[in-house]
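# Close look at the chain arrangement
Okay, here's what each chain looks like letter by letter:
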Amino acid sequence: MKKEIKLIYLTIGLLILLVFIFIKFPKYRYGYFKRVANLQFNHTDADVIKLSNNQIIILGNDIKQIPSEIYNPATNEVKTFTFKNNLFISQRGIALKDNKILLVNTCDSNLLTCNLNNFYDFKNNISIYDINLQKIVSNYTFKSFSNLIIEDYLCLEDGNVFFILSNHPIKQKSEYYFLVYDVQKNSTNILKKTSDLHRPKGIKISNDEILIFQDNSTVLKYNVKKQDFVPTKSKTSIYNCSYTKIGDKVLILGTSGALNNKNQYNQLYDINQDKITNIPPMHFDRTFALLNSNGKTIYRTIPINSKQVLIMGGRKHSKWGLGIRGIDIKNAEIYDIDKNAFIPIANSNYTHDSSELIKLDDNILIIGGTTNKIGGVEVFNTKRKEEE
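Summarised in this report is the structure supplied together with it.

### So, the overall build of the chain
Of regular secondary structure, the chain possesses 1 helix and 32 strands. Here the chain, with 388 residues, has 54% of them falling under the buried criterion. Residue pairs at least 24 apart in sequence account for 50% of intrachain contacts in the chain once pairs closer than 6 positions are excluded. Accessible area of the chain: about 19,400 Å², with a carbon and sulfur share of 51%.

### What to know about the side chain of Asn-266
Inspection of the secondary structure puts Asn-266 in strand β22 (residues 266–270). Assessed through its relative accessible area of 2%, Asn-266 is described here as buried. At 3.2 Å, the side chain of Asn-266 and the side chain of Gln-264 are in polar contact. Setting aside residues no more than four positions away along its own chain, Asn-266 makes contact with Ile-252, Leu-253, Gly-254, Thr-277, Asn-278, Ile-279, Pro-280, Pro-281, Met-282 and Phe-342.

### Overview of the sheet that holds strand β20 (residues 239–246)
Taken together, the 4 strands give an open sheet; going across it, the order is β20-β21-β22-β23, and neighbouring strands pair in antiparallel fashion. Two strands close off the open sheet at either side, each with one partner strand: β20 and β23 (275–279). When strand polarity is set aside, the average angle formed by the axes of neighbouring strands in this sheet is 20°.

### A short note on the nonpolar core
The biggest cluster of nonpolar side chains holds 20 residues, and the ones touching the most others in it are Leu-102, Ile-126, Phe-142, Val-161, Phe-163 and Leu-165. For this core, the secondary-structure elements that each account for two or more residues are β8 (100–104), β10 (125–130), β12 (149–155), β13 (161–167) and β14 (175–182).

### Observations concerning the environment of Lys-201
Tracing the chain through its elements places Lys-201 in strand β16 (residues 201–204). Exposure remark for Lys-201: the relative accessible area of 8% places this residue in the buried category. In this structure the C-alpha to C-alpha distance between Lys-201 and Ile-212, which are 11 residues apart in sequence, comes to 5.6 Å. Engagement of the side chain of Lys-201 in a polar contact is seen with the backbone oxygen of Glu-151, the distance being 2.4 Å.

### Here we look at the sheet that holds strand β32 (residues 376–381)
In spatial order, the strands read β1-β32-β31-β30; together these 4 strands make up an open sheet with antiparallel pairing. Looking along the sheet, the strands with just one partner apiece sit at the ends: β1 (32–38) and β30 (356–360). Along the sheet, successive strands turn relative to each other by an average axial angle of 25°, direction set aside. Bridging between β1 and β32 involves 6 bridges; their strand directions are antiparallel. Its bridge partner lying in β32, Arg-35 is registered against Glu-378.

### Quick look at the packing of aromatic side chains
Taken as a whole and judged by the stated rule, the model has 14 aromatic pairs. When the centroid spacing of 5.5 Å and the interplanar angle of 80° are considered together, the rings of Tyr-140 and Phe-142 count as edge-to-face. Here the two residues Tyr-140 and Phe-142 agree in accessibility, since each one is buried. Measuring from centroid to centroid gives 4.1 Å for Phe-213 and Tyr-243, while their planes differ by 10°, and the two rings are stacked. Note that Phe-213 is positioned in strand β17 (residues 209–213) and Tyr-243 in strand β20, a separation of 30 residues in sequence. According to the relative accessible area criterion, Phe-213 is buried, its value standing at 2%.

### Comments concerning the side chain of Asp-108
Note that Asp-108 resides in strand β9 (residues 107–108). Among the residues examined, Asp-108 registers a relative accessible area of 6% and is labelled buried. A polar side-chain atom of Asp-108 sits 2.8 Å from a polar atom in the side chain of Asn-110. A distance of 2.8 Å separates polar atoms of two side chains, one belonging to Asp-108 and the other to Asn-139.

### Overview of the pattern of salt bridges
Here the structure, examined in full by the defined rule, presents 15 salt bridges. The partner of Glu-151 in a salt bridge is Lys-201, with the nearest N and O atoms 3.7 Å apart. Of the two residues, Glu-151 is situated in strand β12 and Lys-201 in strand β16; the sequence distance between them amounts to 50 residues. By the burial criterion, Glu-151 is buried, and Lys-201 matches it. Each member of the salt-bridge network shares a partner with another, and the members are Lys-97, Glu-157 and Lys-204.

### Some points on the environment of Ile-238
You can see Ile-238 is positioned in the loop between β19 (228–230) and β20. Of the residues examined, Ile-238 reaches a relative accessible area of 1% and is grouped as buried. Counting along the chain gives 27 residues from Ile-238 to Tyr-265, while the straight-line C-alpha distance between them is 6.7 Å. When sequence neighbours within four positions are dropped, the list of residues in contact with Ile-238 reads Gln-214, Asp-215, Asn-216, Ser-217, Ile-252, Gly-254, Thr-255, Tyr-265 and Gln-267.

### Comments concerning unusual backbone geometry
One can expect most non-glycine residues to show negative phi and most peptide bonds to be in trans. The phi dihedral of Asn-99 falls on the positive side, at around 55°, and the residue is not glycine. Looking at the secondary structure, you find Asn-99 in the loop between β7 (92–95) and β8. Phi at Leu-133 takes a positive value of approximately 60°, unusual for a residue other than glycine. Here Leu-133 is to be found in the loop between β10 and β11 (136–141).

Basis of the calculations
Residues numbered from 1 in each chain as written. Predicted model: local features only at pLDDT ≥ 70, side-chain atom pairs only at ≥ 80, totals over all residues. Heavy atoms only, no water. Helix = DSSP H or I, 4+ residues; strand = E, 2+ residues; numbered from the N terminus. Buried < 20%, exposed > 50% of the residue type's maximum accessible area, 1.4 Å probe, protein only. Contact = heavy atoms within 4.5 Å. Areas by Shrake-Rupley, 256 points an atom, 1.4 Å probe, with all protein chains shown as cover. Polar contact = N/O pair within 3.5 Å; in protein donor to acceptor, adjacent residues only side chain to side chain. Pairing = 2+ DSSP bridges. Axes fitted to C-alpha atoms, helices over the stretch in contact; angles between N-to-C directions. Core = buried A, V, L, I, M, F, W, Y, C linked by side-chain atoms within 4.5 Å. Phe/Tyr/Trp six-rings, centres within 6.5 Å; stacked < 30°, edge-to-face > 60°. Salt bridge = Lys/Arg side-chain N within 4 Å of Asp/Glu carboxyl O.

Geometric descriptors of this kind do not, in isolation, establish any biological role.
Set out below in C-alpha coordinates:
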(Lines give C-alpha, C1' and ligand atoms only; values in the text may rest on other atoms or scores of the structure.)
Protein backbone atom coordinates (compact mmCIF):
# COMPACT_ATOMS: atom_id res chain seq x y z
CA MET A 1 0.00 0.00 0.00
CA LYS A 2 2.81 2.40 0.94
CA LYS A 3 4.57 1.61 -2.34
CA GLU A 4 1.40 2.44 -4.28
CA ILE A 5 1.04 5.79 -2.46
CA LYS A 6 4.68 6.64 -3.17
CA LEU A 7 4.16 5.72 -6.81
CA ILE A 8 1.09 8.02 -7.01
CA TYR A 9 3.03 10.91 -5.44
CA LEU A 10 5.96 10.28 -7.78
CA THR A 11 3.63 10.24 -10.81
CA ILE A 12 1.97 13.52 -9.72
CA GLY A 13 5.39 15.09 -9.15
CA LEU A 14 6.56 14.04 -12.61
CA LEU A 15 3.39 15.45 -14.21
CA ILE A 16 3.90 18.80 -12.45
CA LEU A 17 7.53 18.86 -13.61
CA LEU A 18 6.51 18.09 -17.20
CA VAL A 19 3.91 20.87 -17.17
CA PHE A 20 6.51 23.30 -15.82
CA ILE A 21 9.03 22.28 -18.51
CA PHE A 22 6.35 22.57 -21.22
CA ILE A 23 5.44 26.11 -20.10
CA LYS A 24 9.06 27.25 -19.80
CA PHE A 25 10.35 25.37 -22.84
CA PRO A 26 10.25 28.29 -25.30
CA LYS A 27 12.37 30.43 -22.95
CA TYR A 28 15.09 27.82 -22.66
CA ARG A 29 15.05 26.96 -26.33
CA TYR A 30 15.03 30.34 -28.06
CA GLY A 31 16.60 32.75 -25.56
CA TYR A 32 15.46 35.07 -22.79
CA PHE A 33 14.84 38.73 -21.95
CA LYS A 34 16.87 40.57 -19.34
CA ARG A 35 16.30 44.11 -18.10
CA VAL A 36 19.63 45.98 -18.12
CA ALA A 37 18.93 49.71 -17.74
CA ASN A 38 16.26 52.35 -17.19
CA LEU A 39 15.84 55.37 -19.42
CA GLN A 40 15.39 58.81 -17.90
CA PHE A 41 12.95 60.19 -20.48
CA ASN A 42 10.02 59.09 -22.61
CA HIS A 43 11.23 58.53 -26.19
CA THR A 44 7.98 57.54 -27.93
CA ASP A 45 8.59 56.95 -31.67
CA ALA A 46 12.27 58.01 -31.42
CA ASP A 47 14.90 56.44 -33.69
CA VAL A 48 17.96 54.77 -32.20
CA ILE A 49 21.38 54.50 -33.86
CA LYS A 50 24.34 52.23 -33.16
CA LEU A 51 27.55 54.25 -33.00
CA SER A 52 31.03 53.14 -34.07
CA ASN A 53 31.98 52.27 -30.48
CA ASN A 54 28.94 49.95 -30.16
CA GLN A 55 27.18 52.43 -27.91
CA ILE A 56 23.57 53.29 -28.76
CA ILE A 57 22.08 56.77 -29.03
CA ILE A 58 18.36 57.24 -28.47
CA LEU A 59 17.53 60.44 -30.33
CA GLY A 60 15.87 63.17 -28.32
CA ASN A 61 13.32 65.76 -29.37
CA ASP A 62 14.29 69.35 -28.66
CA ILE A 63 10.82 70.54 -29.66
CA LYS A 64 9.46 68.62 -26.66
CA GLN A 65 12.55 69.40 -24.54
CA ILE A 66 13.56 65.74 -24.43
CA PRO A 67 17.34 65.24 -24.57
CA SER A 68 19.04 62.35 -26.32
CA GLU A 69 20.35 59.48 -24.24
CA ILE A 70 23.29 57.14 -24.84
CA TYR A 71 23.29 53.54 -23.66
CA ASN A 72 26.66 51.84 -23.10
CA PRO A 73 26.30 48.02 -23.37
CA ALA A 74 29.69 47.48 -21.74
CA THR A 75 28.62 49.14 -18.48
CA ASN A 76 24.80 49.12 -18.84
CA GLU A 77 24.85 52.86 -18.09
CA VAL A 78 22.56 55.46 -19.65
CA LYS A 79 23.65 59.10 -19.90
CA THR A 80 21.95 62.14 -21.39
CA PHE A 81 23.54 63.74 -24.44
CA THR A 82 23.19 67.15 -26.10
CA PHE A 83 24.30 67.63 -29.70
CA LYS A 84 27.13 70.12 -29.98
CA ASN A 85 27.45 73.07 -32.36
CA ASN A 86 23.99 74.43 -31.52
CA LEU A 87 22.16 71.74 -33.46
CA PHE A 88 18.56 71.00 -32.46
CA ILE A 89 16.96 67.69 -33.46
CA SER A 90 13.55 66.00 -33.50
CA GLN A 91 14.17 62.28 -32.85
CA ARG A 92 14.63 60.95 -36.38
CA GLY A 93 17.78 59.65 -38.04
CA ILE A 94 19.78 56.69 -39.42
CA ALA A 95 23.38 55.53 -39.59
CA LEU A 96 25.18 56.14 -42.87
CA LYS A 97 28.39 54.74 -44.28
CA ASP A 98 31.77 56.44 -43.74
CA ASN A 99 31.16 56.99 -40.01
CA LYS A 100 28.34 59.49 -40.35
CA ILE A 101 24.74 59.71 -39.21
CA LEU A 102 21.82 61.43 -40.91
CA LEU A 103 19.49 63.48 -38.71
CA VAL A 104 16.10 64.43 -40.16
CA ASN A 105 14.01 67.53 -39.34
CA THR A 106 16.80 69.48 -37.63
CA CYS A 107 17.61 73.13 -37.01
CA ASP A 108 21.17 74.46 -37.02
CA SER A 109 20.98 77.68 -35.02
CA ASN A 110 24.26 78.83 -36.59
CA LEU A 111 22.37 79.22 -39.86
CA LEU A 112 18.68 79.50 -38.96
CA THR A 113 16.38 80.98 -36.37
CA CYS A 114 15.27 78.01 -34.30
CA ASN A 115 12.01 78.48 -32.48
CA LEU A 116 11.56 75.32 -30.44
CA ASN A 117 7.81 75.94 -30.39
CA ASN A 118 7.58 75.95 -34.17
CA PHE A 119 8.10 72.65 -36.02
CA TYR A 120 8.31 74.51 -39.35
CA ASP A 121 11.75 75.81 -38.35
CA PHE A 122 12.82 72.13 -38.34
CA LYS A 123 10.72 70.71 -41.16
CA ASN A 124 12.63 69.27 -44.15
CA ASN A 125 16.07 70.23 -42.86
CA ILE A 126 18.60 67.41 -42.65
CA SER A 127 22.02 67.38 -41.02
CA ILE A 128 24.97 65.03 -41.42
CA TYR A 129 26.81 64.54 -38.14
CA ASP A 130 29.99 62.58 -37.53
CA ILE A 131 29.32 59.29 -35.80
CA ASN A 132 31.57 60.23 -32.88
CA LEU A 133 29.04 62.99 -32.14
CA GLN A 134 31.53 65.84 -32.26
CA LYS A 135 30.61 68.07 -35.19
CA ILE A 136 28.19 68.90 -38.00
CA VAL A 137 29.55 67.68 -41.34
CA SER A 138 26.90 69.34 -43.54
CA ASN A 139 23.34 70.68 -43.65
CA TYR A 140 20.74 70.56 -46.39
CA THR A 141 17.22 71.91 -46.78
CA PHE A 142 14.63 70.62 -49.25
CA LYS A 143 13.86 74.17 -50.35
CA SER A 144 11.84 73.09 -53.37
CA PHE A 145 9.67 70.91 -51.13
CA SER A 146 8.84 73.23 -48.26
CA ASN A 147 5.26 71.94 -48.02
CA LEU A 148 6.19 68.29 -48.21
CA ILE A 149 6.54 65.70 -45.46
CA ILE A 150 9.47 63.28 -45.19
CA GLU A 151 7.74 59.89 -45.19
CA ASP A 152 10.72 57.54 -45.27
CA TYR A 153 14.46 57.37 -45.91
CA LEU A 154 17.04 54.61 -46.20
CA CYS A 155 20.74 54.26 -46.94
CA LEU A 156 21.66 52.93 -50.40
CA GLU A 157 24.60 50.70 -51.27
CA ASP A 158 26.66 53.65 -52.57
CA GLY A 159 26.26 55.53 -49.28
CA ASN A 160 23.65 57.97 -50.55
CA VAL A 161 20.15 58.27 -49.10
CA PHE A 162 16.84 57.44 -50.78
CA PHE A 163 13.97 59.70 -49.64
CA ILE A 164 10.21 59.47 -50.07
CA LEU A 165 8.50 62.86 -49.66
CA SER A 166 4.77 63.53 -49.73
CA ASN A 167 2.39 66.39 -50.34
CA HIS A 168 -1.25 66.21 -49.24
CA PRO A 169 -3.22 69.07 -50.83
CA ILE A 170 -6.81 69.62 -49.72
CA LYS A 171 -9.39 67.86 -51.91
CA GLN A 172 -6.71 66.57 -54.26
CA LYS A 173 -4.78 63.34 -54.64
CA SER A 174 -1.62 63.13 -52.57
CA GLU A 175 1.68 63.49 -54.43
CA TYR A 176 4.84 61.52 -53.70
CA TYR A 177 8.40 62.27 -54.71
CA PHE A 178 11.26 59.78 -54.84
CA LEU A 179 14.67 61.41 -54.68
CA VAL A 180 18.28 60.61 -53.81
CA TYR A 181 20.39 62.76 -51.52
CA ASP A 182 24.09 62.69 -52.49
CA VAL A 183 25.98 62.79 -49.19
CA GLN A 184 29.31 63.82 -50.69
CA LYS A 185 27.95 66.54 -52.99
CA ASN A 186 25.28 67.66 -50.50
CA SER A 187 22.68 67.77 -53.27
CA THR A 188 19.51 65.94 -54.35
CA ASN A 189 18.30 64.35 -57.56
CA ILE A 190 14.56 63.90 -58.13
CA LEU A 191 13.87 60.44 -59.52
CA LYS A 192 10.11 60.22 -59.79
CA LYS A 193 6.84 61.98 -58.97
CA THR A 194 3.62 60.00 -58.64
CA SER A 195 0.13 60.30 -57.20
CA ASP A 196 -0.70 56.59 -57.49
CA LEU A 197 0.57 55.57 -54.05
CA HIS A 198 -0.67 55.80 -50.47
CA ARG A 199 1.81 56.48 -47.64
CA PRO A 200 4.60 54.40 -49.21
CA LYS A 201 7.52 52.98 -47.24
CA GLY A 202 10.54 51.12 -48.54
CA ILE A 203 13.15 48.48 -47.79
CA LYS A 204 16.29 47.88 -49.85
CA ILE A 205 16.39 44.37 -51.35
CA SER A 206 19.34 44.76 -53.75
CA ASN A 207 21.83 47.40 -54.92
CA ASP A 208 19.27 49.04 -57.21
CA GLU A 209 15.88 47.82 -56.05
CA ILE A 210 13.61 48.93 -53.22
CA LEU A 211 10.48 47.06 -52.18
CA ILE A 212 7.67 49.59 -51.70
CA PHE A 213 4.82 48.98 -49.24
CA GLN A 214 1.61 50.99 -48.98
CA ASP A 215 -1.17 51.36 -46.43
CA ASN A 216 -3.89 49.94 -48.61
CA SER A 217 -2.41 48.54 -51.78
CA THR A 218 -0.17 45.85 -53.22
CA VAL A 219 3.60 45.57 -52.89
CA LEU A 220 5.70 47.19 -55.63
CA LYS A 221 9.38 47.22 -56.58
CA TYR A 222 11.16 50.44 -57.50
CA ASN A 223 14.36 50.40 -59.54
CA VAL A 224 16.55 53.37 -58.59
CA LYS A 225 18.70 53.26 -61.77
CA LYS A 226 15.78 52.82 -64.17
CA GLN A 227 13.73 55.29 -62.10
CA ASP A 228 10.56 53.28 -62.53
CA PHE A 229 8.33 50.72 -60.84
CA VAL A 230 8.62 47.01 -61.50
CA PRO A 231 5.40 45.03 -60.89
CA THR A 232 5.45 42.15 -58.41
CA LYS A 233 3.11 39.20 -58.16
CA SER A 234 1.38 40.74 -55.16
CA LYS A 235 -2.36 40.93 -55.81
CA THR A 236 -3.76 41.61 -52.32
CA SER A 237 -3.72 44.86 -50.36
CA ILE A 238 -2.02 44.79 -46.96
CA TYR A 239 -2.64 47.48 -44.37
CA ASN A 240 -0.33 48.69 -41.59
CA CYS A 241 2.71 46.76 -42.82
CA SER A 242 5.67 45.77 -40.71
CA TYR A 243 8.48 44.28 -42.77
CA THR A 244 12.02 43.00 -42.38
CA LYS A 245 14.57 41.34 -44.66
CA ILE A 246 15.60 37.83 -43.63
CA GLY A 247 18.23 36.30 -45.90
CA ASP A 248 16.90 36.36 -49.46
CA LYS A 249 13.31 36.89 -48.31
CA VAL A 250 11.20 39.68 -46.80
CA LEU A 251 8.74 38.97 -44.00
CA ILE A 252 5.62 41.14 -44.39
CA LEU A 253 3.19 41.40 -41.48
CA GLY A 254 -0.05 43.36 -41.74
CA THR A 255 -3.84 43.29 -41.65
CA SER A 256 -6.58 42.83 -44.22
CA GLY A 257 -8.15 46.18 -43.35
CA ALA A 258 -7.39 49.52 -41.78
CA LEU A 259 -8.36 51.10 -38.45
CA ASN A 260 -7.53 48.60 -35.73
CA ASN A 261 -8.30 45.58 -37.86
CA LYS A 262 -7.87 42.27 -36.06
CA ASN A 263 -7.62 40.11 -39.18
CA GLN A 264 -3.94 39.48 -39.83
CA TYR A 265 -2.65 39.12 -43.37
CA ASN A 266 0.97 37.98 -43.50
CA GLN A 267 3.22 37.15 -46.44
CA LEU A 268 6.74 36.04 -47.31
CA TYR A 269 8.36 37.62 -50.37
CA ASP A 270 11.08 35.62 -52.14
CA ILE A 271 13.49 38.18 -53.64
CA ASN A 272 15.19 35.80 -56.09
CA GLN A 273 12.00 34.22 -57.39
CA ASP A 274 9.88 37.38 -57.15
CA LYS A 275 7.25 35.26 -55.46
CA ILE A 276 4.86 36.16 -52.64
CA THR A 277 3.46 33.41 -50.41
CA ASN A 278 0.75 33.74 -47.78
CA ILE A 279 1.82 32.55 -44.32
CA PRO A 280 -0.11 31.83 -41.08
CA PRO A 281 -1.20 34.55 -38.61
CA MET A 282 1.02 35.56 -35.69
CA HIS A 283 0.54 33.64 -32.47
CA PHE A 284 -0.49 36.79 -30.56
CA ASP A 285 -2.89 39.61 -31.31
CA ARG A 286 -0.71 42.75 -31.47
CA THR A 287 -2.20 44.76 -34.34
CA PHE A 288 -4.52 47.16 -32.49
CA ALA A 289 -3.88 50.87 -33.28
CA LEU A 290 -2.71 52.70 -36.36
CA LEU A 291 0.83 53.48 -37.45
CA ASN A 292 2.84 55.74 -35.17
CA SER A 293 3.94 59.30 -35.99
CA ASN A 294 6.86 58.01 -38.11
CA GLY A 295 4.61 55.72 -40.12
CA LYS A 296 5.86 52.54 -38.41
CA THR A 297 3.74 49.83 -36.87
CA ILE A 298 3.75 49.89 -33.08
CA TYR A 299 5.08 46.33 -32.92
CA ARG A 300 8.61 45.58 -34.09
CA THR A 301 10.47 42.87 -36.02
CA ILE A 302 14.18 42.10 -36.38
CA PRO A 303 16.08 39.11 -37.83
CA ILE A 304 17.86 36.95 -35.27
CA ASN A 305 19.64 34.98 -37.99
CA SER A 306 18.98 34.00 -41.61
CA LYS A 307 16.06 31.77 -40.60
CA GLN A 308 14.31 33.43 -37.66
CA VAL A 309 12.72 36.80 -36.87
CA LEU A 310 11.90 38.21 -33.44
CA ILE A 311 8.47 39.89 -33.18
CA MET A 312 7.42 41.81 -30.09
CA GLY A 313 5.41 44.72 -28.77
CA GLY A 314 2.16 46.21 -30.00
CA ARG A 315 -1.30 46.24 -28.45
CA LYS A 316 -4.04 43.65 -28.48
CA HIS A 317 -7.77 44.20 -28.87
CA SER A 318 -9.78 44.23 -25.66
CA LYS A 319 -12.07 41.26 -25.13
CA TRP A 320 -15.30 43.28 -25.33
CA GLY A 321 -14.09 45.81 -27.89
CA LEU A 322 -13.74 48.53 -25.29
CA GLY A 323 -10.92 51.08 -25.09
CA ILE A 324 -9.52 53.50 -27.64
CA ARG A 325 -5.89 52.40 -27.56
CA GLY A 326 -5.98 48.66 -27.00
CA ILE A 327 -4.12 46.70 -24.33
CA ASP A 328 -0.33 46.84 -24.00
CA ILE A 329 1.33 43.42 -24.14
CA LYS A 330 4.63 41.80 -23.24
CA ASN A 331 4.14 38.77 -25.50
CA ALA A 332 6.98 37.93 -27.87
CA GLU A 333 7.30 35.33 -30.62
CA ILE A 334 9.64 34.11 -33.33
CA TYR A 335 8.82 33.44 -36.96
CA ASP A 336 10.75 30.38 -38.14
CA ILE A 337 11.11 30.41 -41.92
CA ASP A 338 11.83 26.65 -42.21
CA LYS A 339 8.83 25.68 -40.08
CA ASN A 340 6.67 28.47 -41.56
CA ALA A 341 5.34 29.04 -38.06
CA PHE A 342 5.11 31.72 -35.37
CA ILE A 343 6.41 30.30 -32.10
CA PRO A 344 5.64 31.94 -28.71
CA ILE A 345 8.63 32.61 -26.46
CA ALA A 346 9.18 34.19 -23.05
CA ASN A 347 7.60 37.57 -22.29
CA SER A 348 9.58 40.81 -22.35
CA ASN A 349 10.07 42.79 -19.14
CA TYR A 350 8.54 46.00 -20.49
CA THR A 351 5.48 46.56 -22.64
CA HIS A 352 6.54 47.97 -26.01
CA ASP A 353 4.40 49.88 -28.48
CA SER A 354 6.97 52.06 -30.25
CA SER A 355 10.35 50.73 -29.19
CA GLU A 356 13.35 50.13 -31.42
CA LEU A 357 15.27 46.88 -31.89
CA ILE A 358 19.00 46.73 -32.67
CA LYS A 359 21.22 43.70 -33.30
CA LEU A 360 24.37 43.75 -31.17
CA ASP A 361 26.61 40.70 -31.54
CA ASP A 362 24.45 37.66 -30.65
CA ASN A 363 21.88 39.71 -28.76
CA ILE A 364 18.95 41.98 -29.60
CA LEU A 365 18.67 45.30 -27.77
CA ILE A 366 15.11 46.52 -27.18
CA ILE A 367 15.08 50.22 -26.36
CA GLY A 368 12.01 52.17 -25.28
CA GLY A 369 8.69 51.36 -23.72
CA THR A 370 5.05 52.35 -23.99
CA THR A 371 3.54 55.59 -25.27
CA ASN A 372 3.68 58.34 -22.62
CA LYS A 373 5.63 56.11 -20.22
CA ILE A 374 9.37 56.08 -19.54
CA GLY A 375 10.74 52.74 -20.66
CA GLY A 376 14.13 51.15 -20.48
CA VAL A 377 16.65 48.90 -22.17
CA GLU A 378 16.38 45.15 -22.17
CA VAL A 379 18.34 42.46 -23.96
CA PHE A 380 17.04 39.41 -25.75
CA ASN A 381 19.85 36.91 -25.41
CA THR A 382 19.56 34.48 -28.28
CA LYS A 383 21.39 31.77 -26.37
CA ARG A 384 19.64 29.41 -23.96
CA LYS A 385 19.29 30.74 -20.45
CA GLU A 386 21.48 29.15 -17.84
CA GLU A 387 20.07 28.49 -14.41
CA GLU A 388 20.79 31.40 -12.07
